[in-house]
Amino acid sequence: MTSVVATVEGSRIWSHPALGLHAVVDAAGGVRLGAPDQDWACLVPLVEVTATGHGRMWSGERFIETAVGERMTYRDHETVRDGDLERTTIRLADPATGLAAEVTLEVGIDAGFLRSRVRLVNEGVEPIRLESVTTLTLGGIASGVAEDGLDGLTLHWADNDWLAECRWRQAELRDQVVPLSRSAHGHEGRGCFERYSQGSWSTGRHLPLGALTDRDGNAWLWQIESSAGWRFETGEREGAAYVALFGPDDAHHQWHQLLAPGEEFHTVPAVLVRTESGGLDAAFGVLTDYRRGIRRDHPDHRALPVIYNDYMNTLMGDPTTERLLPLVEAAASAGAEVFVIDAGWYDDDAQGWWDSVGAWEAAPNRFPGGIQEVLDAITKHGMTPGLWLEPEVVGVRSPLAGTLPPEAFFRRGGVRVTEHGRHHLDLRHPAARAHLDEVVDRLVGEWGVGYLKLDYNVNIGPGTEKGSESAGAGLLGHHRAHLDWLAGLLDRHPQLVLENCGSGGLRMDYAQLAVAQIQSTSDQQDPLRYPPIAAAAATAATPEQAAVWAYPQPDQSLDEIAFTLTAPLLGRVHLSGFLNLMDDEQFDLVRSALSVYKDIRAEIGAGHPFWPLGLPGWEDEWIAQGLRGTEATYVTVWSRGSDDTGRTLTVPHLRGASAHATVLYPGTTDAGVAWDAAEGRLTVTLPRAGTAVLVRLSAG
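All figures in this text were calculated on a predicted structure; none of them were measured in a lab.

S.K.: Which residues make up the overall build of the protein chain, and what values do they have?
M.R.: Within the protein chain, the regular secondary structure consists of 15 helices and 40 strands. The C-alpha atoms of the protein chain give a radius of gyration of 26 Å, which matches the 27 Å a tight globule of 700 residues would have. For the protein chain, the spread of C-alpha atoms along the three principal axes comes to 80 × 70 × 45 Å. Expressed as a percentage of the 700 residues in the protein chain, the buried residues total 61%. Partitioning the intrachain contacts of the protein chain with sequence separation of at least 6 by distance along the chain shows that 67% fall at a separation of at least 24. Element-wise, carbon and sulfur atoms account for 48% of the exposed surface of the protein chain, whose accessible area totals about 24500 Å².

Quick look at the structure:
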């Protein structure tokens, strides 16, 4: 059985001034994390665990106040320094079950973030069936402007859907967590505000992000790093707000994990950002730097090449040599540096490719001279060849569905899972991994492909059952194997660029983006609908990883061409469109956009996003996105349908600065810009709806 250490109530065992947080030992010897000016009673146990036979102390919809969490008692802790990081491990134990926890709190020495992970070990003599485990809990969040600690707190979250990604919403926390006169009955409510994923699209419903802000500019912003199930909740505890962050759980993801004596489980990571001024803009700036710090280093993050992809509003999955070669020449002439042949290059099936994919061989009827002819043409035009791939699926009509062993596929109840005409590979199985290794090594090593767009177009549900494991545990196991497979590809092919695409932005999480270089942000085909997605994409990914489509067409007006080309200029350019059919004036507008992008892209990889009009609403007529670079500040402004011809934007970090406002793109626009240094305001005039500009603010 485990042992515990006697401690003095109220003693601090960890603190971080930049975060305004500390961990304190409570009266029962447990550890709680929260703000230093709050009573420990409003804080939450450092680890909350629901286990079969050991539920909650107060039954309801909340996954805090668990029996195991309340019994977890402090053992010891240690802190180590690793460069600019400080890593503290706090150890606790539950004397009743023998469950031990190691909580790793990682902070930047001078940065306002806290990353947490939990390792659970069964040190007892009986198996323990886990049903939920927190990665991070935090209590004592309160507004300093009201007697009621929750008054003045604003809750922020992001809805997500196919074609409608990154839709941020906000509400007063008191509107979501109503006051219940706790003094009258002695208990908190049974509910909370929660958001969670469903199935294998980690961002199919919501982004794994949330925030609380107050009127003084304080912000608490969190991110869960999981592709296989996540959930967060926030609510009230003893007159203050709390936040609890989870990976998959039994109630929402069919996840449970049986720990036999001696076995262990590791949670997914999560991070909390805390800023004392500047609100969400400041918090997302810290989160952006944190994301840059945890991802795998890659030259693509510095080079930011322009990518042409033949799919969107162009070939739409129907490529041939005859159609591609003119696009290759036009894309190179416009300034593209990567050319991606998207879906359909393997399709020679009269019944269609959707349910027959899996072998990933080029279709002879599409490429009479072989696909190498097109790949060589791309290389000869000075561009890197790229291909689309959907590696995790095998079509039900594919020969591989019968030749790979049954255990290489997702199964539930002993039956192979089928979704939208596809089976799903389990990358824990050596045959599945060997198959995909062979495919990628052939495409990269033999064909010379340097860019892979890895798509994911089915939600396979809760996961796969292997033996006695739960479906949710199977999904988590597969996704961890998937990340390991991706890392293995980059180990063997260090220059290869991997794009994370999940039917657009439906798997937009930092489990994936810590490995993949680029994130597809949407499949949205309407250029008037893309601006709110493009403007908010930097909340979900660093700007240099957030790929936004620009699909100019020869039948568009010059305003329409400039409108779609403006969208990706503060992120990553995913260019498409029939450039080969444009007249000279239209083509020059494309070429000038890419020229501007190449001039400023060195700023993007170190820049910090901000939103001068606030995070965009889906129907907003005026939208603005900013990037604070090292040499200048950049602002993109869209007008989608307003009768107004101008907007005044606040740029707080330049207040009082003498700056020169210049329209960078489009160069022929009749837009107007004016800078008010005293107020820190930029006024942009767009005479017509359906127009957009990129503005630079530089030292005057």
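Still more ground to cover, so stick around.
S.K.: Residue-level account of the pairing of strand E11 (residues 154–159), with values.
M.R.: For a regular strand, side-chain orientation follows a simple rule: the groups alternate between the two sheet faces. For E11, the tally of buried residues reaches 6 of 6 residues, placing the bulk of the element in the interior. Alternating positions in E11 separate into two faces, Thr154, His156 and Ala158 on one and Leu155, Trp157 and Asp159 on the other, with burial throughout. Alignment of E11 against strand E12 (residues 167–172), held across 6 bridges, turns out to be antiparallel. Across the sheet, residue Leu155 finds its bridge partner in E12, namely Ala171. In this sheet, strand E14 (residues 206–213) lies alongside E11 in antiparallel orientation, the contact comprising 5 bridges. Residue His156 lies in a different strand from E14, and its bridge partner there is Ala211.

S.K.: Help me get a handle on the environment of Arg640, residues and values and all.
M.R.: On the secondary structure map, Arg640 appears in the loop between strand E35 (633–639) and strand E36 (646–650). C-alpha of Arg640 to C-alpha of Gly690: the two residues are 50 residues apart in sequence and 4.7 Å apart in space. Polar side-chain contacts of Arg640 include one of 2.8 Å to the backbone oxygen of Leu528.

S.K.: Hey, could you go over the sheet that holds strand E23 (residues 384–389) for me, with residue numbers and the actual values?
M.R.: Taken in spatial order, the 8 strands line up as E21-E22-E23-E28-E29-E30-E31-E32 and close into a barrel, and their pairing is parallel. Strand-to-strand twist in this sheet, taken as the mean axis angle between neighbours without regard to direction, amounts to 30°. Sheet analysis places strand E28 (residues 451–454) next to strand E29 (residues 497–500), joined by 4 bridges and oriented parallel. What sits directly across from Lys453, in E29, is Glu499. Most of the contacts of helix H11 (residues 430–446) go to E23, to which it runs at about 155°, and overall it touches E23 and E28.

S.K.: Account for H11, with residues named and values stated.
M.R.: Taking 1.5 Å per residue as the helical rise, H11 with its 17 residues ought to reach 24 Å, and the 23 Å between its terminal C-alpha atoms agrees with that figure. Looking at H11, one finds that the buried residues are Ala432, His435, Leu436, Asp437, Val439, Val440, Arg442, Leu443 and Val444. For H11, the elements touching its buried residues are E23, helix H10 (400–403), E28 and helix H12 (471–492). Remark: Gly448 follows H11 within two positions and exhibits a positive phi of approximately 85°.

S.K.: Outline the packing of helix H8 (residues 321–334) against helix H15 (residues 584–604), supporting the account with residue identities and numerical values.
M.R.: The description of two packed helices rests on the angle between their axes and on the distance between the axes. Running from N to C, H8 and H15 cross one another at 55°; their axes reach a closest spacing of 9 Å. Considering the angle they form, H8 stands oblique to H15. On H15, the residues that touch Ala330, Ser333 and Ala334 of H8 are Phe587, Val590, Arg591 and Leu594. Per-class residue counts for the contact of H8 with H15 are 5 nonpolar, 1 polar and 1 charged.

S.K.: Give a detailed account of the nonpolar core, specifying residues and quantitative values.
M.R.: Phe339, Trp345 and Leu452 are the most contacted members of the largest nonpolar core, which totals 84 residues. Looking at this core, the element that brings in the most residues is H15, giving 9 residues. The residues touching Phe339, leaving out its near neighbours within four places in the chain, are Tyr308, Leu324, Leu327, Val328, Ala331, Ile378, Met383, Thr384, Pro385 and Gly386. Ranked by size, the runner-up nonpolar core spans 64 residues in total, among them Val31, Leu114, Val133 and Trp157.

S.K.: Got a sec to walk through the environment of Glu48? Specific residues and values, please.
M.R.: Its place among the elements puts Glu48 in the loop between strand E4 (44–45) and strand E5 (49–51). Judged by relative accessible area, Glu48 falls into the buried class, the value being 0%. Between the C-alpha atom of Glu48 and that of Asp249, which follows or precedes it by 201 residues, the distance is 12 Å. Those residues in contact with Glu48 that lie beyond four places of it in its chain are Phe63, Ile64, Glu65, Thr66, Gly69, Ser132, Val133, Thr134 and Thr137. A distance of 2.7 Å separates a polar side-chain atom of Glu48 from the backbone nitrogen of Glu65.

S.K.: Give a detailed account of the packing of aromatic side chains, specifying residues and quantitative values.
M.R.: Under the defined criterion, the tally for this structure stands at 18 aromatic pairs. Measuring from ring centre to ring centre gives 5.1 Å for Trp255 and Phe265, while their planes differ by 45°; the resulting arrangement is tilted. In this pair, Trp255 sits in the loop between helix H4 (250–253) and strand E18 (257–259) while Phe265 sits in strand E19 (residues 264–266), placing the two residues 10 residues apart along the sequence. Ring centres of Trp345 and Trp360 lie 6.5 Å apart, and the angle between their planes is 35°; on these two criteria the pair is classed as tilted. On the criterion of sequence distance, the pair formed by Trp345 in the loop between strand E22 (338–341) and helix H9 (371–380) and Trp360 in the loop between E22 and H9 is long-range, its members being 15 residues apart. The class for Trp345 is buried, based on a relative accessible area of 0%. An aromatic cluster is present here, built from Trp345, Tyr346, Trp353, Trp354, Trp360, Trp388 and Trp447 joined pairwise through their rings. Positioned above the aromatic ring of Trp58, the side-chain terminus of Arg190 is 3.9 Å from the ring centre. Just above the ring of Phe409 sits the side chain of Arg416; from NZ or CZ to the centre is 4.0 Å.

S.K.: Describe the sheet that holds strand E38 (residues 672–676), and please don't skip the residues or the numbers.
M.R.: Spatially, the 3 strands line up as an open sheet ordered E36-E39-E38, and their pairing is antiparallel. If you trace the sheet from one side to the other, it starts and ends with E36 and E38, each paired once. Strand after strand, the sheet turns through a mean of 15° between neighbouring axes, direction not considered. Summarising the sheet, E38 and strand E39 (residues 681–685) pair through 5 bridges and their orientation is antiparallel. Counted as the bridge partner of Asp676 is Arg681 from E39.

S.K.: Can you lay out the side chain of Arg292 for me, pointing to particular residues and giving the numbers?
M.R.: Structurally, Arg292 can be placed in helix H5 (residues 279–294). Among the polar contacts listed, one links the side chain of Arg292 to the backbone oxygen of Ile604, at a separation of 3.1 Å. Apart from residues lying up to four places away in sequence, Arg292 is in contact with Thr542, Pro543, Glu544, Ile604, Gly605, Ala606, Gly607 and His608.

S.K.: Go over unusual backbone geometry with me, naming the residues and quoting the values.
M.R.: Pro666 follows Tyr665 through a cis peptide bond whose omega is -5°. Residue Cys166 is not a glycine yet carries a positive backbone phi of 60°. Within the element layout of this structure, Cys166 appears in the loop between E11 and E12. For Ser503, which is not glycine, the phi torsion reads 50° and is therefore positive. Since its relative accessible area comes to 8%, Ser503 is described here as buried.

Cut-offs applied
Residues numbered from 1 in each chain as written. Predicted model: local features only at pLDDT ≥ 70, side-chain atom pairs only at ≥ 80, totals over all residues. Heavy atoms only, no water. Helix = DSSP H or I, 4+ residues; strand = E, 2+ residues; numbered from the N terminus. Rg over C-alpha atoms; globule rule 2.2 N^0.38 Å. Buried < 20%, exposed > 50% of the residue type's maximum accessible area, 1.4 Å probe, protein only. Contact = heavy atoms within 4.5 Å. Areas by Shrake-Rupley, 256 points an atom, 1.4 Å probe, with all protein chains shown as cover. Pairing = 2+ DSSP bridges. Polar contact = N/O pair within 3.5 Å; in protein donor to acceptor, adjacent residues only side chain to side chain. Axes fitted to C-alpha atoms, helices over the stretch in contact; angles between N-to-C directions. Expected span 1.5 Å × (residues − 1). Parallel < 35°, antiparallel > 145°, perpendicular 65-115°, else oblique. Nonpolar A, V, L, I, M, F, W, Y, C, P; charged D, E, K, R; others polar. Core = buried A, V, L, I, M, F, W, Y, C linked by side-chain atoms within 4.5 Å. Phe/Tyr/Trp six-rings, centres within 6.5 Å; stacked < 30°, edge-to-face > 60°. Lys NZ or Arg CZ within 6 Å of the ring centre and 35° of its normal.

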